[in-house]
Amino acid sequence: MPERKDPLTYVGRSIQREDGIAKATGSATFVHDLFLPGMLHAAILTSPHARARITRIDTSAASALPGVRAVLTGEDLDYLLGLYMRDKPILARGEVRYQGEPVAAVAADSLDAARRACDAIEVTYEPLDPLLDTEQALAEGAPLVHEALHTYQYMKGVFSPVPKTNIAHHQKIRQGDVEAGLAAADVVIEERFDNPPVPHVPMETHAVVARALPGDRIEVHTSSQSPYTVRHLLAACFDLPHANIRVHVPYVGGGFGGKAGIHLEPLAICLSRAAGGRAVKVVASREEECNTLPSRQGLRSTITIGAKTDGTITALRAVYTWDAGAYADYGVNIGRAAAYAGAGPYAIDHCAIDSYVVYTNKVYGTAYRGFGHLEVLWGIERAVDLLARRLGIDPVDLRMKNLLREGDRTITGEAITAGHGRPDQCLEAVAQAIGWGERSESGDPLKARGKGIAVLHKAPAMPTYTSCGAMIKLDEDGSADVLISGVDYGQGTYTTLRQIAAEELKLPIDAVHVTWDCDTAFSPYDWQTVASRFAFMGGNAVIQAAADCLRQLKATAALALDTTPDRIACEAGEAYGTDAPDRRILYGRLALGYTFENGNSVGGPVIGHGRYIAQGLTHLDLETGQGHPALFWTYGAHAVEIEVDRETGEIEVLRVATALDAGKVLNPALAHGQVVGGVVQGLGSALYEGFVFDPSGRLLNPSFTDGKIPTMKDIPREIRPIFLETPQPDGPYGARGVAEHPMIAIPSAIGNALYDAVGVDVHALPLSSERIHRAMNERKGPS
Amino acid sequence: MSDEIHKTHDIHLTVNGQPETGQVPAGMTLLAFLRERLYLTGTKAGCEAGECGACTVLLDGRAVTSCLVLAVEANGATVETIEGEAADGALSALQRAFVEEGAIQCGFCTPGMIMAARGLLARNPDPSREEIIDALSGNLCRCTGYEAIIAAVERAAKEEGGRDA
């Protein structure tokens, strides 16, 4: 249990990020920026078809071109990859499952030569009818995206693939008796909602530089959120000892979940092997980032809610059908996590959720900031507003009545305690901030204003045994280096860990550094940097590592001062005996061991280690979904005010208030930045973003020209972050994660505000002006 | 056509105050020349289609997306990249404002964002909020939500001697 100190010197303060200078000067080195001697450049040939048999590949002309060092096709690579489900080849073998799937790859002296060689590869396809939505894929007699699903390896006891179907995972949640609950309701609504697949759009596309070294050794530099998971999955893929594989992660230009798991690393390694061990660089083009690398999964939700006339929700039934695309190596866990969170932060006695992760012939899905939650909350939080309208109850009041509170149980049977945070207070805070119940008017008669509200929750979704190590080594000048293998790809966690280390070590912040460039050869284990769990787990590990350093410092100081360690205190980078506080020894004189005047020395280099492993998590029962999946829950709420153009249907978001129960805000400036950035990313999902496919399954908008994300012109006039601090008993200084939550109910709140403004209900994202314009026309009826 | 693209040309230009020369294929972009020939990797490649602004540099004082400029077009020109912004080793007021206002998260868009702002401040030392947004709306950032970037440019304009608003 972390020590609670008040006042705190660094924790809770807006300490600047240490990486700011490197990034502002262009000296921060990303994988894109690596140039190794003799390095080759790779290009990928992708499938033009969504589903086809590959009947012939001829690489002879490509191999003969000047500068070409290696050409690979799927026939050369008999491997399957995946984090939770090993279903993904490195290059397509025998068949292609989505347009954009890698079919062949070339390493050459220049990118230009590699691209020309790809153009010279002749591939003959036999196109087949693709499965372009989950209804087709679930239909009786539908072709199978993965004929061999029943032979795949997957995490047993956690996932339930259904052999000889397109269902990669079926997650069930059963609580109470949903039929009885619905029968007891006075009002029952049933609504259907849709989310399209959405690209992550990190500004840095995926990039890898790999070298296959003699003795079956591999060195990889990768733009990844997951150095150790990459290493582990490479070891499994190539059947190598972990120690043979070294993964470096330098600065990473955004991830948002898309760089978790494993991506281009195996291809780069295979190309390096085929090119005699020369370094090979693979950098995804912007089109490949959208169309070859994974996106957020699409979702269709069918939600049934029953309630009493007083607003008490009696039952909720939901069917979530995920459009996983061609592979579900990561998507299976999204279907699982979104199911156990799939009733929203409400106390519901009778609940049945079926979450199906379904293969189709589209670009495949993976984790995306909030991991299934933005998608299910789009349905749940719109449905709760529709229920409120049917009941004639204010949407805020209806939510207040049903929110989880101390003493309630979640739909998987977890008991909610005082340490869980307060969704009701988040809701109250945003309702007040937005002026709920007060109507404001636009000066423009063509514009209608409206307000909307939505609540949210999310817990980290991860294996029950997820763990994180931290090391701190003290330098001879008394400063401290923190080594850790979570990745700071912009969220600022290294800065908060630095604050925690300085606080715990009782060192000035300037004397503490977190080492950039994760390296699996030196940095201690961390599972993956995902799910808003790094500050929590890394923070706890750093607290322990700092305590270990202090133990070692005190032991040495006690010898130096001729006392016992329990009579040593530490303060401002100095140790002293509590009986004689005037004689102080700088950490620097203890860091490598203490040397007496006669030359005798004691102690030795101070190296502290700390660790944290998720506590108390259980697998979910495969039939009922009951169990304990959440390390912690972060609750929150959004409120928005929008203006809608009555003629064009265009939405302008005027104001957003976001409240999150952070437990403890470790760094207010960084937390503020997470909220503002997350809200704007949420606006992208709400208003603009979503893949569009033609009838043959070709992705039509894999670029910034056709696939817009918010620009500086699209931001709201005001974004107001509000933080509550209900301490998380096992969190570092009481903190819980807040990185994903700022975006995950933004679309719901805007969808609710849209009805408030112009009286139309839109059930599908994005809320494009075209879609809203149509809905307004339909409401008017034929003129 | 493809032969034409691979024909090489000699170019001479000034980059961050230093004379540079190169023998470049006609099809090589200024972005590739800066990154792959001069190893000035602070300039980033985000889309190579002129849509994201990560590769923004100043060409004869004007902000351009260097992925849409051929290296041969920069022959005789003066180019400023992010590496020239802190030329004397100290952060410029603009860079300092980006750091201190929290305008940086992952940092991949930052060099292009700073160069676009530098181009703006060079021609308009005292821009309004709307002028900042106009000048920088071609630079995409997926992390920050832009608000802190606008604040950083406003602050730098004040500190660098633009008239206070």
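As the structure is a prediction and not an experimental result, all values here were calculated from the model.

Definitions and limits used
- Residues numbered from 1 in each chain as written.
- Chains lettered and ligands numbered in written order.
- Predicted model: local features only at pLDDT ≥ 70, side-chain atom pairs only at ≥ 80, totals over all residues.
- Heavy atoms only, no water.
- Helix = DSSP H or I, 4+ residues; strand = E, 2+ residues; numbered from the N terminus.
- Buried < 20%, exposed > 50% of the residue type's maximum accessible area, 1.4 Å probe, protein only.
- Contact = heavy atoms within 4.5 Å.
- Areas by Shrake-Rupley, 256 points an atom, 1.4 Å probe, with all protein chains shown as cover.
- Lys, Arg positive; Asp, Glu negative; His and termini not counted.
- Charge placed at Lys NZ, Arg CZ, Asp CG, Glu CD.
- Buried area = accessible area lost by both parts, 1.4 Å probe.
- Salt bridge = Lys/Arg side-chain N within 4 Å of Asp/Glu carboxyl O.
- Axes fitted to C-alpha atoms, helices over the stretch in contact; angles between N-to-C directions.
- Parallel < 35°, antiparallel > 145°, perpendicular 65-115°, else oblique.
- Left-handed = near helix turned anticlockwise from the far one by under 90°.
- Nonpolar A, V, L, I, M, F, W, Y, C, P; charged D, E, K, R; others polar.
- Pairing = 2+ DSSP bridges.
- Arc of directions from axis to C-beta.
- Polar contact = N/O pair within 3.5 Å; in protein donor to acceptor, adjacent residues only side chain to side chain.
- Core = buried A, V, L, I, M, F, W, Y, C linked by side-chain atoms within 4.5 Å.
- pLDDT = per-residue confidence, 0-100.
- Phe/Tyr/Trp six-rings, centres within 6.5 Å; stacked < 30°, edge-to-face > 60°.

Draft legend 1. Molecular detail of the overall build of chain A. Check the secondary structure of chain A and you find 18 helices and 29 strands. Structurally, chain A occupies a C-alpha span of about 100 × 70 × 50 Å along its principal axes. Buried residues in chain A amount to 65% of all 783 residues. At a minimum sequence separation of 6, the contacts of chain A that also span at least 24 residues come to 79%. On chain A, roughly 26,800 Å² of surface is accessible, and the fraction owed to carbon and sulfur atoms is 49%. Here chain A holds 73 positive side-chain charges and 94 negative ones, and the gap between their average locations is 0 Å.

Draft legend 2. Summary view of the interface of chain A and chain B. Listed per partner, the contact involves 47 residues of chain A and 45 residues of chain B. At the boundary of chain A with chain B, total buried surface from both sides reaches about 3,700 Å², with 62% on carbon and sulfur atoms. When residues of chain A are sorted by the area they lose upon contact with chain B, Phe35(A), Met203(A) and Met712(A) head the list and together hold 22% of the total. Notably, a salt bridge pairs Asp33(A) with Lys44(B), separated by 2.4 Å at the nearest N-O pair.

Draft legend 3. How the structure looks around the packing of helix H13 (residues 493-505) of chain A against helix H14 (residues 534-561) of chain A. All names here are of chain A. The geometry of H13 relative to H14 is characterised by a closest axis approach of 9 Å and an angle of 30 degrees between their N-to-C directions. Viewed along their axes, H13 and H14 adopt a mutual orientation that is roughly parallel. Crossing of H13 over H14 shows right-handed handedness. Here Thr-493, Tyr-494, Leu-497, Ile-500, Ala-501, Glu-504 and Leu-505 of H13 come into contact with H14, specifically with Phe-534, Ala-535, Gly-538, Gly-539, Val-542, Ile-543, Ala-546, Cys-549 and Leu-550. Residues of the contact of H13 with H14, tallied by class, amount to 12 nonpolar, three polar and one charged.

Draft legend 4. Highlighting the sheet that holds strand S12 (residues 280-283) of chain A. Residue and element names in this part refer to chain A. One open sheet accounts for eight strands, arranged S3-S5-S1-S12-S9-S10-S11-S20; its pairing is mixed. Across the chains shown, the open sheet's two edge strands, defined by having one partner strand only, are strand S3 (68-73) and strand S20 (518-519). Pairing geometry for strand S11 (residues 245-249) and S20, over two bridges, is antiparallel. Each residue of the ladder has a partner; that of Val-249, found in S20, is Cys-518.

Draft legend 5. The arrangement of the environment of Ala184(A) in detail. Within the secondary structure, Ala184(A) sits in the loop between helix H5 (178-183) and strand S8 (187-195). When the C-alpha positions of Ala184(A) and Gly306(A) are compared, they lie 8.0 Å apart, and in sequence the two are 122 residues distant.

Draft legend 6. Region of the structure containing helix H5 (residues 129-136) of chain B. All names here are of chain B. Ile-132, Ile-133 and Leu-136 are the residues of H5 that are buried. Seen end-on, H5 carries its buried residues on one side only, within an arc spanning 95 degrees. Where H5 is buried, its residues meet helix H4 (110-123) and helix H6 (147-159).

Draft legend 7. Structural detail: the side chain of Ser224(A). All names here are of chain A. In this fold, Ser-224 is placed in the loop between strand S10 (217-222) and helix H6 (227-238). A polar side-chain atom of Ser-224 sits 2.8 Å from the main-chain amide nitrogen of Ser-226. Aside from chain neighbours lying at most four places away, what touches Ser-224 is Val-230, Val-249, Val-252, Lys-259, Gly-261, Glu-265 and Val-487.

Draft legend 8. View of the nonpolar core. The biggest cluster of nonpolar side chains holds 274 residues, and the ones touching the most others in it are Leu271(A), Ile472(A), Ile651(A), Ile750(A), Leu754(A), Leu767(A) and Phe98(B). The leading source of residues in this core is H14(A), at 15 residues. When near neighbours in sequence (up to four residues on either side) are disregarded, Ile651(A) contacts Ile642(A), Glu643(A), Val644(A), Leu687(A), Ile750(A), Leu754(A), Leu767(A) and Ile772(A). One finds Ile11(B), Val24(B), Ala32(B) and Ala77(B) within the second-largest nonpolar core, a separate group that totals 19 residues.

Draft legend 9. Inspection of the pattern of salt bridges at higher detail. All names here are of chain A. Applying the stated criterion across every chain, the model contains 51 salt bridges over all chains. Note that Asp-109 and Arg-278 form a salt bridge whose closest N and O atoms lie 4.0 Å from each other. One end of the pair, Asp-109, is in the loop between strand S5 (102-108) and helix H3 (111-120); the other, Arg-278, is in the loop between helix H7 (265-274) and S12, with 169 residues separating them in the sequence. On the basis of relative accessibility, which here comes to 31%, the residue Arg-278 falls in the partly exposed class. Between Asp-354 and Arg-174 there is a salt bridge, with its nearest N and O atoms 2.9 Å apart. Of this pair, Asp-354 sits in strand S15 (residues 350-359) while Arg-174 sits in strand S7 (residues 167-175); the two residues are 180 residues apart in sequence, bridging distant segments of the chain. Note on Asp-354: relative accessible area 13%, which makes it buried. Residue class for Arg-174 comes out partly exposed when judged on its relative accessible area of 31%.

Draft legend 10. View of the confidence of the model for chain B. On average, residues of chain B score 95 in pLDDT, and 96% of them are at 70 or above. Two numbers describe this predicted complex: its pTM, 0.97, and its ipTM, 0.97.

Draft legend 11. Up close: the pairing of S5(A). All names here are of chain A. For S5, the buried fraction is high: seven of the seven residues fall into the buried class. Of the strand pairs in this sheet, strand S1 (residues 40-46) and S5 are connected by six bridges, and their pairing is antiparallel. Residue pairing across strands places His-41 opposite Ala-108, the latter belonging to S5. Bridge count between S3 and S5: five bridges; the pairing is antiparallel. What sits directly across from Val-71, in S5, is Val-106.

Draft legend 12. Summary view of the packing of aromatic side chains. Enumeration over the complete set of coordinates arrives at 20 aromatic pairs over all chains. Residues Phe35(A) and Tyr39(B) carry aromatic rings whose centres are separated by 5.3 Å and whose planes lie at 75 degrees to one another, so their mutual orientation is edge-to-face. Of this pair, Phe35(A) sits in the loop between helix H1 (20-24) and S1 while Tyr39(B) is found in the loop between helix H2 (30-37) and strand S3 (56-59), placing the two residues in two different chains. Look at Phe536(A) and Tyr612(A): their rings are 5.7 Å apart centre to centre, the planes differ by 80 degrees, and that puts the pair in the edge-to-face class.

Draft legend 13. Examining the pairing of strand S22 (residues 574-577) of chain A more closely. All names here are of chain A. Summarising the sheet, strand S21 (residues 568-571) and S22 pair through four bridges and their orientation is antiparallel. Following the sheet pairing, Cys-570 is matched in S22 by Ala-575. The turn joining S21 and S22, which pair antiparallel and follow one another in sequence, is formed by two residues; a positive phi near 50 degrees is taken by Ala-572. The turn joining S22 and strand S23 (residues 580-586), which pair antiparallel and follow one another in sequence, is formed by two residues.

Draft legend 14. Focus on the sheet that holds strand S4 (residues 62-65) of chain B. All names here are of chain B. In space, the five strands of this open sheet follow the order S2-S1-S5-S3-S4, with mixed pairing throughout. Bordering the open sheet on either side are strand S2 (18-25) and S4, each of which pairs with just one other strand. On average, each strand axis in the sheet is inclined to that of its neighbour by 40 degrees, with strand direction left out of account. Where strand S1 (residues 8-15) lies against strand S5 (residues 78-80), two bridges are found, and the strand directions are parallel. Bridged to Thr-14 within S5 is Thr-78. Contacting S1, S2, S3 and S5, H2 runs over the sheet at an angle of about 110 degrees to S2. Each of S3, S4 and S5 is contacted by H4, which is oriented at about 35 degrees to S3, the strand it contacts most.

Draft legend 15. Representation of unusual backbone geometry in the model. Residues Leu765(A) and Pro766(A) are joined by a peptide bond in cis, for which omega reads -5 degrees. Of note in the backbone geometry, Asp60(B) takes a positive phi value of approximately 50 degrees without being a glycine. Assignment of secondary structure puts Asp60(B) in the loop between S3 and S4. Located in the positive-phi region is Tyr146(B), a residue other than glycine, with phi close to 75 degrees. Inspection of the secondary structure assignment puts Tyr146(B) in the loop between H5 and H6. Judged by its relative accessible area of 0%, Tyr146(B) falls in the buried class.

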